[in-house]
Amino acid sequence: MIALVRMSAGLIVWAVAFCVLYALHGLGCARGWATIGLGATSAHRAVLIAAWLLCIGTAIGVAVWRWPARTGTLVERTGWRLALVGVAATAITGLPIVTLPACL
Amino acid sequence: MKALKLHHDLTTIWRTEPGWRGVLRSVNHSDMGKRFIVGAFAFFAIGGVLAMLIRAQLATPDSAFVGPEVYNQLFTMHGSIMMFLFAIPMFEGLALYLLPKMLGARDMAYPRLSALGWWCYLFGGSILIVAMLAGVAPDAGWFLYPPLSGKQWTPGINSDVWLLGITFVEISAMCAAIEIAVSILRLRAPGMRLDRMPLFAWYLLATAAMMLFGFPPLILGSILLEIERAFGWPFYTPALGGSPLLWQHLFWLFGHPEVYIIFLPAAGAVSTILPVMARTRILAYGALVAAMMALAFLSFGLWVHHMFTTGIPHMALGFFSAASTLVAIPTAVQVFAWIGTLWSGRPQMKLPMLYLIGFFVVFVLGGLTGVMLAVVPFDQQAHDTAFVTAHLHYVLVGGFVFPMLAAAYYWLPHFTGRERVMQLGETAFWLIFIGFNMTFFLMHLTGLLGMPRRVDTYSDAMGWTWLNLLSSVGSFVMAFGFALFTIDVGLQIWLGRHHRRNPWQAGTLEWAMPIPAPAYNFASLPQVAGRDPLYDQPDLGVVLARGQGWLGAARHGWRETMAVDMVTGEPDHIVILPGNSWLPIATAGVLAGFFLTMLAGLYWIAPLFLVGVGVLGWRWAWTNGTRVDHGPLPAGPGVALPLSTEAPGTTGWWGSVFALAASATLFASLLFGYAFLWTVAPDWPPPQLIARTLLEPALALLGAVLAIVGVRRAGPDGRTALALAAGGQIALFLALVLLAVLRLPSPASHAYAATGAVVAAYAIFHAALAATMLAFARARIASGHIGGARLGELRIVRLWSDHAAGAGVVSTLVLALPGWIA
């Protein structure tokens, strides 16, 4: 079972990242974080960007961790591929944070 | 002679009893698989007739064929039947029938659970059909949105029929998910490493995992809506702090993965049939596994794309739009791998291949309109129009029905042992293919011209008349195609000549047996050294029939199969499976009593049936195990293995792990709902919070500690420790009951109190269950079932007890916290 969890680690990070970003977005809108200025942006967007970067960093960390597995068994190689998928998916699904209005 | 004797002995052990006893008591996976398939096809036929009635109504403008009340029931039942009573059970049936045969096992991990799932499906589905015949079918759409489905707007029992009937059927789906996952992970032929598994098993493993995490939100949503309708607890009522959007979140948290839950098994069938038709091996096995896993995960990030017009902020829509477009990539990887397989082989245009071509055309078109609908501005224009109806039919018929028709023709010789009689299947294909595209391609255009979904009629002035008429004609052409398919299958079953073994010259293990398959599948189990065992050893079937593989003898009347290491496929232990039993149908019957009394509004009688389920559950578990250690027994060439009762990490333990994962998902969905309402719903914070208290939380914490410590101290002679743990669970139970009854405001007063009461109910239920299991374990020590090396049941009880303790502590915190910080 641990082998299967390792294989899915990148995607698990994506799933957690997705939940965290969506939850922080909802919480920020409900609590009015978007109206609190923080430099050139709002506190809401700053929190979301920080969380997004942290998630991408974690996904990259998983990919680095799975790097030696890229020449292993099929299950291990698949884990390495899925770790890369996790990095790309976390980066892409979070892109609206820097491109769209938060609470409109 | 040895092969014949072995066949006779194993048949005696594994056979289904003759007559009605066999019908009611069989637990054999082949029987259950066939029943699910036939049942699902029967429901498909009913759903198809409803679709024809819908198209008859829409064929002409201002139609008076059926009134709006009946029409609402027609489209609601059509959608509900096709999603819950056809698609899921059909693949469950195929999985139950095929998986053990493809994996080199003699049955699924929990044969009685398969049978329970079948009876729950049959009884639950029958509730819906009887309600339809009585004119009280659900009529609020297959997704049953409140407030339309609430008591105010649907005062009759129509919505209750959906909520209770579908939840009953979902018990079957959860049974299947646990069964499929454990069977694939543990009950494989020795040597079948994960990377040697048939792709069909990989796809079903992902599907089972998705069901474990996808169905609980819907089950929770249905429970909450039924409680709201029955007792007025306002989860979805905005005036009292609820929100109809909570239902949409819970429903689509299930509903979108559901699309992939339906597609993935079909993709597994495609990956199995296509290389055989192309006379080659599958291309990019690893990429297919990776794409399938990516799809399984990413599909959980799409649910809000069904809610793009509900007023959710743009940024959140962007998250889901991005995930919705992203999911097209792993889907495309699979399509390209299949095309590459065709390219690298020598395809034969046999009948299954014809249906696979239909799958490619229709599914790819559906996928492309899916990408269009993933883009928010387009979706906001096309939302709730016939364009969406067309899209979903292209995806589901293309992604499931066409592959299942291919699978039917591919595996029918296995079921029947016979050849096709006439060439009706080709004609059926063209009628279905042309009829389908005529019906639904034109609906894209009707939708783009602005025709909404679910309208019972329209004016000629709208300009939709000819498109609708042609769509209706197409639907009847398609229906003729399905009728021809049915006749073709019937002719094969009753008139076909007997077929030789492995008619397609395939490489997977299900063809390494006589057809139709014997009740025990394999006289001895194979040693696997590659992905296509029959290509590696064409005479494998004969070798196994002689008993020259693993477990090649019948002993003690036991139903034996092999459990292996999850990853390496090394032999681990021998599993003794239960025989035919009354328990599955009796349990399903008592569950039916619960759901029917709830439907009748007899709320005070209904819990008695749950007690009945508990009694039968006790009996069910009691019939497992032995009172003596057998030690390692001969299992194969020079290898002796322990029985499952004496081995760690048994199928029972893993089944509990998956059941608890599903239960924890339901709990997490409930906490999500609580947080969602607190954050988003109007009229929060609530007018009255829970009373501040330390007594009950302290009692709950003490109970949890006692339960955790006690169950850990319990060994083969640990009756005192088990009593201590049970005492802890009872303390937890009491603490939560006191919190909910004495400290929480009335659940009917506000969604806050209603949600809090359900949080408490979840923990109370699990504490009661854990206390019962601890008492069971104590009784099993006294009876001698637990002792010596037979400690597996204690490990299982520890899992449930720990989960109950954890859920109790979390629930207590969630309940008490608002009182402390207010």
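Before reading further, recall that the structure is shown in the block above.
Criteria and cut-off values
- Every chain's residues receive numbers from 1 upward, in the order its sequence appears when written.
- Starting at A for chains and at 1 for ligands, labels are handed out in the order in which the entities are written.
- Since the coordinates come from a predicted model, pLDDT governs what is reported: local features require at least 70, and pairs of side-chain atoms require 80 or more to be given and counted, while whole-chain, interface and lining totals use all residues.
- Runs of E in the DSSP output that reach at least two residues are strands. Runs of H or I that reach at least four are helices, and both are numbered from the N terminus.
- Using C-alpha atoms as the atom set, the radius of gyration is obtained and then compared with a globule rule of 2.2 Å times the number of residues to the power 0.38.
- Neighbour counting defines burial: a residue surrounded by 20 or more other C-beta atoms within 10 Å of its own C-beta is buried, one with 12 or fewer is exposed, and intermediate counts give partly exposed, using backbone-placed C-beta atoms.
- Orientation is described by lines fitted to C-alpha atoms, with helices fitted over the stretch in contact, and by angles between N-to-C directions that extend from 0 to 180 degrees.
- An angle counts as roughly parallel when it lies under 35 degrees, as roughly antiparallel when it exceeds 145, as roughly perpendicular when it falls between 65 and 115, and as oblique in every other case.
- Definitions for this section: a left-handed crossing has its near helix turned counterclockwise from the far helix by less than a right angle. A right-handed crossing has that turn clockwise.
- Placing a C-beta atom from the backbone of each residue, one calls two residues in contact when those atoms lie within 7 Å.
- Throughout this entry, Asp, Glu, Lys and Arg are counted as charged residues, while Ala, Val, Leu, Ile, Met, Phe, Trp, Tyr, Cys and Pro are counted as nonpolar. The remaining residues, Gly among them, count as polar.
- By definition, a nonpolar core groups buried Ala, Val, Leu, Ile, Met, Phe, Trp, Tyr and Cys residues that are joined through C-beta atoms within 7 Å.

Undergrad: Whenever I open this one, the overall build of chain A confuses me. Can you help?
TA: Looking only at helices and strands, chain A features five helices and two strands. Order of helices (α) and strands (β) in chain A, N terminus to C terminus: α-α-β-β-α-α-α. Here the C-alpha radius of gyration of chain A, 16 Å, is well above what a compact globule of 104 residues would show, namely 13 Å. By principal-axis analysis of the C-alpha atoms, chain A measures approximately 50 × 25 × 15 Å.

Undergrad: I tried to follow the overall build of chain B on my own but got confused; where do I start?
TA: Counting its regular elements, chain B contains 25 helices and four strands. Expected size for 822 residues packed as a compact globule is a radius of gyration near 28 Å; at 27 Å, chain B falls within 12% of this value. Taken along the three principal axes of its C-alpha coordinates, chain B extends 80 × 75 × 45 Å. Per-residue burial for chain B yields a buried fraction of 57% across its 822 residues.

Undergrad: Got a minute to help me understand the packing of helix α22 (residues 695-713) of chain B against helix α23 (residues 719-743) of chain B in this structure?
TA: A pair of packed helices is captured by two measures, namely the crossing angle of their axes and the spacing between those axes. All names here are of chain B. Interaxial distance between α22 and α23 falls to 7 Å at its minimum, and their mutual angle equals 160 degrees. When the axes of α22 and α23 are compared, the pair comes out roughly antiparallel. Crossing of α22 against α23: the hand is left-handed.

Undergrad: Any chance you could explain the interface of chain B and chain A here in plain terms?
TA: It is common to give the size of an interface as the accessible area that goes away when the parts come together. The interface is formed by 24 residues belonging to chain B together with 33 residues belonging to chain A. When contributions to the side of chain B that touches chain A are tallied by element, the ones reaching two or more residues are α9 (285-298), α10 (314-326) and α21 (651-680) of chain B. For the side of chain B that touches chain A, the element with the most residues is α10(B), which contributes eight residues. Taken together, the residues of the side of chain B that touches chain A sort by class into 18 nonpolar, five polar and one charged.

Undergrad: Got a minute to help me understand the nonpolar core in this structure?
TA: Taken as a class, soluble globular proteins show a tendency for nonpolar side chains to be buried jointly. All names here are of chain B. The biggest cluster of nonpolar side chains holds 316 residues, and the ones touching the most others in it are Leu99, Ala181, Met292, Ala406 and Leu736. Broken down by element, this core gets its largest block of residues, 22 residues, from helix α8 (residues 244-277). Ignoring any residue separated from it by four or fewer positions in sequence, one finds leucine 736 in contact with Ala700, Ala760, Ala763, Ile764, Ala767, Gly808, Ser811 and Thr812.

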